[in-house]
Every structure is written in structure tokens, then in C-alpha cells.
Amino acid sequence: MYAIQPVFKERIWGGRRLEALFQFDLPEGQIGECWTASAHASGRTPFLDGPYQGKTLDELWSTDRTELFGDYLLDAFPLHVKLLDSSAYLSVQVHPNDEEARRLEGEPYGKNECWYILEATPDAEIILGHNLKTRDDLFRCAQEKDWHTSLRHQRVKKGEFYYIPSGTIHALGPGIVLLEIQQMSDRTYRLYDYDRLGDDGKPRELHVEKAIAVTTIPDEPWMNQLETIEKEGGVMTKLLQVPSFTIIRHDVTGRYVLRDHSVFRLLTVIEGEGEACQGEQHIHLQKGSQFFLPRHAGDFEMTGPVTFVTSEVFLN
Ligand code: ZN
């Protein structure tokens, strides 16, 4: 189990809350995103220590895939994990699916994403889905900027989980800190950006035509079905299982064993503090820390109280 060093991203909608919440040493500016595990060319996260110190997930994916990850046939490392801090609305956006990403952008993955809400102000909301019937309706909506009545607004609370498959129109509102687990893609089609200006004083670029082409119409709201398993020393909750990834929350209250697994996992600590022990090895678990667990890494005995989320991908 190896720690990964995060990469921070300044965003016009970002803030400073990641500093106090996760004890990160943030660079200056409005930091909107902390990429805790990334193999993306826009910001790769290196291993902090151990035998792979300084290496990145994509490097190891090409050199040691079978040994560390599993016998995947996928072209590129599949996952991307972030912490987000919003102090303003993010653009109203949609992402392509795998087929569209390959065809339109020559990229290996589209973007299914999911959000685990870590903090939310009492009036915090997200935009998730729409109530339009046809692609023409969406085109008209984009021309007339009729976003308020056409999009679904949803209040959110700490601890809630949302799955946002590619093709779903969405936007994060202000006052939210969340954990985002997504496919390894940074491809966003912006439909609307509140007429905001970017750093260069010009409105940020929109991608209306592509956005309309990839949007799911009519909308297909996703129904959350959590599966909870009581274990010794804690509770395991399966938040999501779809072909792109499986997301599990682990609430550790006593001595909890994280079992050996046949494929790699990413582990993000979201609450509390604790330890992961294996033989002589004792690893400190702190809110905001990110780890990589190779396949067949053996059992780890976890103590808390600590809550962490693991993400993994089925062998294809
Ligand atoms: Zn998105």
C-alpha cells in the first residue's frame, strides 16, 4: 500500500477550503481541484515513497501492469480521483461516453463520474439532468439560455452519493466539497458558463454542438441502490458497481481487515484518522490521503475511527 502525492489545480470557481479540511499545503490562488490519483497528462500524481517513489500510475501501467494492477486489456490507466471545492457554480456540462471520446477526440475513455459529498452548506445544490424531450428542445434551450426551467436542481447533503453517467447534464453549485471518482478523462463539453470571463478576460469556451450531440435525451435518472455489509470492526457499503468502476465506502470503528484482492485498488481517506497495519508496516491514514493498493497486496488490519473509499475496475 503506497501513498500518492496530490496535484492541485486553480479554478475560477475554486476556494481555499481544502487546506483546513485536509491539511494540504495548498499553492496560492483559488484551488478548485486536488487530483489525488491521476495518470492524466494534465497532472500526473507521483508515488510519495517506497519502491516506486517518483513514478506515476501511467508509467507503472505500461511497465508492471500484470504484477501491480491485473491482466487488463484496457489501453490506459482507467481511473481518476479528485477532491473538489466549489465557491461558485461550475459550468453546466456534459461528458462523452467511451465510444464518443474515441470517435470525437481520439481519447481512450469517456467520462462516467460520481460524487461523494463531503461538505455542503445548508442551501447547497447541484444540477443533475434535465426535463427536455428532444434534441431540438435542448438546442432551443441553449440558444435562449433557458437553463433555469429546463435543468433539474437538486439540494445536496454531506454523505450523499451521486452517479453521473456520461451524457448526463450536470453542474456543481457553490458551497460543496466532494470526492469525485471518474474515468481517466479531462474532456468536458460546456453548455453554459453563466457568461463568466476567463483569466484572459474573454468568456470561457463553450462546446454547445458536441454537448448537444452527446447528451442523453430524454434524461435517464440513476437510482441509487446502496448495499451494506456488516463486518467485524466496521461496515462496508457498496456505493456503485458499473462497468467503469466499483466504489466501496469502508467505515472502520474497531479492528477491520481489508482483505487481499485480485486487482489493484485506489484508497482515499475521507474522514477521521487511523492506521493500516501489515506485519511491521504501519501506515498512517489521515483525511485526504490517497493510496494505491497493488493486486495481491495481502490483508491489511485497519484501525480508526476512519472512513475511506476504495475504487477499482473489473477485469475486462
Ligand atoms: Zn463533470
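Up top you'll find the structure we're talking about.
Residues numbered from 1 in each chain as written. Predicted model: local features only at pLDDT ≥ 70, side-chain atom pairs only at ≥ 80, totals over all residues. Heavy atoms only, no water.

Is there a simple way to think about the side chain of aspartate 85 in this case?
Locating aspartate 85 in the fold gives a position in strand 4 (residues 79-86). Among the residues examined, aspartate 85 registers a relative accessible area of 1% and is labelled buried. Among the polar contacts made by the side chain of aspartate 85, one reaches the side chain of arginine 17 at a distance of 2.9 Å. Those residues in contact with aspartate 85 that lie beyond four places of it in its chain are Trp13, Gly14, Gly15, Arg16, Arg17, Leu18, Ile31, Gly32, Ile176 and Val177. (Helix = DSSP H or I, 4+ residues; strand = E, 2+ residues; numbered from the N terminus. Buried < 20%, exposed > 50% of the residue type's maximum accessible area, 1.4 Å probe, protein only. Polar contact = N/O pair within 3.5 Å; in protein donor to acceptor, adjacent residues only side chain to side chain. Contact = heavy atoms within 4.5 Å.)

Would you take a moment to explain unusual backbone geometry for this structure?
Backbone phi values are negative for most residues with the exception of glycine, while trans is the configuration of most peptide bonds. Cis geometry marks the peptide bond from isoleucine 217 to proline 218; its omega dihedral reads -10°. The residue proline 218 is located in the loop between helix 7 (208-214) and strand 13 (227-231) in this model. The omega torsion across glycine 304 and proline 305 is 10°, close enough to zero to call that bond cis. With respect to the element layout, proline 305 can be found in the loop between strand 20 (300-303) and strand 21 (306-312). Phi at lysine 145 is positive, roughly 50°, even though this residue is not glycine. Phi at histidine 296 is positive, roughly 50°, even though this residue is not glycine.

What's the story with the packing of aromatic side chains in this structure? I'm lost.
How two aromatic rings sit relative to each other is given by the distance of their centres and the angle of their planes. One pass over the structure, following the stated rule, counts 22 aromatic pairs. Feature note: the residues Tyr2, Phe47, Tyr52, Trp61, Phe69, Tyr72, Phe77, Phe264 and Phe292 constitute an aromatic cluster, connected by ring pairs. A cation over an aromatic ring shows up here: lysine 9 above the ring of tryptophan 35, its NZ or CZ 4.7 Å from the ring centre. Over the ring of tyrosine 256 we find lysine 231; its NZ or CZ atom is 4.7 Å from the centre of that ring. (Phe/Tyr/Trp six-rings, centres within 6.5 Å; stacked < 30°, edge-to-face > 60°. Lys NZ or Arg CZ within 6 Å of the ring centre and 35° of its normal.)

Sorry if this is basic, but what is going on with the coordination of the zinc ion here?
Ideal values for angles at a metal depend on the geometry: 109.5 degrees with four tetrahedral donors, 90 or 180 degrees with six octahedral donors. Coordination of the zinc ion by the protein involves Gln93 (OE1), His95 (NE2), Glu113 (OE) and His170 (NE2), with metal-donor separations of 2.1 to 2.6 Å. One way to put it: the 4 donor atoms around the zinc ion meet at angles of 75 to 157°, and that makes the site irregular. As a motif over one chain, the donors of the zinc ion read Q-x1-H-x17-E-x56-H. On the criterion of sequence distance, the pair formed by glutamate 113 in strand 6 (residues 113-120) and histidine 170 in strand 10 (residues 170-172) is long-range, its members being 57 residues apart. Using a relative accessible area of 1% as the deciding quantity, one classes glutamate 113 as buried. Relative accessible area serves as the criterion here: at 1%, histidine 170 is assigned to the buried category. (Donors = N, O, S within 2.8 Å, 3.2 Å for Na, K, Ca; no water. Tetrahedral: all angles 85-135°; square planar, octahedral: opposite > 155°, others 65-115°.)

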